[in-house]
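Results of the structural survey
Listed below are the residues making up each chain.
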Amino acid sequence: MAADLELYRKMFDLRKTTVLVAGGAGGIGSAISAGLAALGCYVFLTARTEEKAEEVARTIREGGGEAVGISLNVERLDDLKRFSIDLHKRVPKIDVLVNCIGTHIEAPAEKYTEEAWDHIFDVNLKTAFFLSQEIANHQIEAGGGKHIHISSVRSSLGISRGYISYCTTRGGMNMMIRQLATEWAKYGITVNGIAPTFTKTSLVAQYLNDPVFYNSLVARIPLGRVCEPNDIAGLAMFLASHASDFINGQIIYVDGGLTATQ
């Protein structure tokens, strides 16, 4: 009897799939947006301004994909709710949410300010939950969906720099992913996380451009290089596809083997 190859082809067929990539104009987000568009997804990608988001979306359309750039202000929950209402007027359901939003303020823990702490928690963790909640409430009514959050190896490994708020929020995100995966599985919603090591983006360029820091980092990564945005995009493409339908509540490390050695 012939193997059912069509079954396996459909596992990676994402045509007619609608995706929201929050932070999709950033270094990691733009790679994920392009990768998902390459698989046939209709991609909504966000940035703080529509102009920046549309700049990335335009490059995807020029490459033959389908993408629209829209603005998203994550500083206020009221703005997030309005964004969700407006988005769901355009499409009845977002099949896949990819959350690439994140930032950090570096300072020694003994000197870290309440203002900086609250800002990083609001952007990195509070936004992650309430964005997921907004999308999930529509997915519950529509029969399910997928959520993918970009975390970090620093969610489970400390670093000898002033990263107290970043590491703490990423650790909290990992637990949030597991809890949402547990609560929402009954609705057909899977929730997973991608945890990369330092990735070549503008957010960490100042560190990677420091030869001492860069060489020390690469020396600890078995594959001998830092992460590229495309490395993360490939995993996001898999997690968005039906090939990952039985994967839920997982934090998958994209780190060249770094955490395997710690």
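Scroll up to find the structure.
On a predicted model such as this, the values are computed, not experimentally measured, just so you know.

What counts, and at which threshold
Residues numbered from 1 in each chain as written. Predicted model: local features only at pLDDT ≥ 70, side-chain atom pairs only at ≥ 80, totals over all residues. Heavy atoms only, no water. Buried < 20%, exposed > 50% of the residue type's maximum accessible area, 1.4 Å probe, protein only. Helix = DSSP H or I, 4+ residues; strand = E, 2+ residues; numbered from the N terminus. Pairing = 2+ DSSP bridges. Contact = heavy atoms within 4.5 Å. Salt bridge = Lys/Arg side-chain N within 4 Å of Asp/Glu carboxyl O. 1 Å grid on protein atoms, 1.4 Å probe; cavity = no way out; pocket = protein on both sides within 12 Å on 5 of 7 lines; lining within 4 Å. Points joined across faces, edges and corners; volume = space filled by probe spheres on them. Axes fitted to C-alpha atoms, helices over the stretch in contact; angles between N-to-C directions. Parallel < 35°, antiparallel > 145°, perpendicular 65-115°, else oblique. Left-handed = near helix turned anticlockwise from the far one by under 90°. Nonpolar A, V, L, I, M, F, W, Y, C, P; charged D, E, K, R; others polar. Phe/Tyr/Trp six-rings, centres within 6.5 Å; stacked < 30°, edge-to-face > 60°.

Remarks on the pairing of strand β4 (residues 96–99)
- Of the two faces of β4, the one holding V96 and V98 and the one holding L97 and N99 are both buried throughout.
- With four bridges joining them, strand β1 (residues 18–22) and β4 adopt parallel strand pairing. Considered in β4, the bridge of V19 is made with V96.
- Note that β4 and strand β5 (residues 145–150) share four bridges and pair parallel.

Looking at the side chain of H147
- With respect to the secondary-structure elements, H147 resides in strand β5.
- Excluding residues within four positions of it along the chain, H147 makes contact with L97, S132, I135, A136, Q139, W184, I189, T190, V191 and N192.

Focus: the pattern of salt bridges
- Throughout the structure, instances matching the rule amount to twelve salt bridges.
- D78 is paired through a salt bridge with R76; the nearest N and O atoms lie 3.7 Å apart.
- A residue is classified by how much of its surface remains accessible, and R76, at 47% relative accessible area, is partly exposed.
- Put simply, D79 and R82 hold a salt bridge, and the shortest N to O gap is 2.3 Å. Placement of the pair is D79 and R82 together in helix α4 (residues 77–90), with a separation of three residues, close to one helical turn.
- Through salt bridges with shared partners, a single ionic network connects R76, D78, D79 and R82.

With respect to the layout of surface pockets
- The volume enclosed by the largest pocket comes to roughly 930 Å³.
- C100, I101, G102, T103 and L203 are, among the 37 residues lining the largest pocket, the residues nearest its centre.
- If you list the elements that add at least two residues to the lining of the largest pocket, you get α2 (27–38), β2 (42–47) and α6 (164–184).
- The biggest single contributor to the lining of the largest pocket is α2, with three residues.

Topic: the packing of α4 against helix α5 (residues 114–142)
- Contact geometry of α4 with α5 gives a least axis separation of 10 Å together with a crossing angle of 30°. By the angle class used here, α4 and α5 are roughly parallel. Relative to α5, α4 is oriented so that their crossing is right-handed. Seen from α4, the contacting residues are L77, L80, K81, S84, L87 and H88; seen from α5, they are K126, T127, F130, L131, Q133, E134, I135 and H138.
- For the contact of α4 with α5, the residue count by class is six nonpolar, five polar and three charged.

Some points on the packing of aromatic side chains
- Tallied over the entire structure, the rule returns eight aromatic pairs.
- Seen from their ring centres, Y163 and Y166 are 5.6 Å apart, and the 75° between their planes marks the pair as edge-to-face.
- Exposure remark for Y163: the relative accessible area of 4% places this residue in the buried category.
- A centroid spacing of 5.1 Å and a plane angle of 75° characterise the contact between F198 and F213, whose relative ring orientation is edge-to-face. Of this pair, F198 sits in the loop between β6 (189–196) and α7 (205–208) while F213 sits in helix α8 (residues 211–219); the two residues are 15 residues apart in sequence, bridging distant segments of the chain.
- Relative accessible area serves as the criterion here: at 8%, F198 is assigned to the buried category.
- Put simply, the rings of Y163, Y166, F198, Y207 and F213 pair up and form one aromatic cluster.

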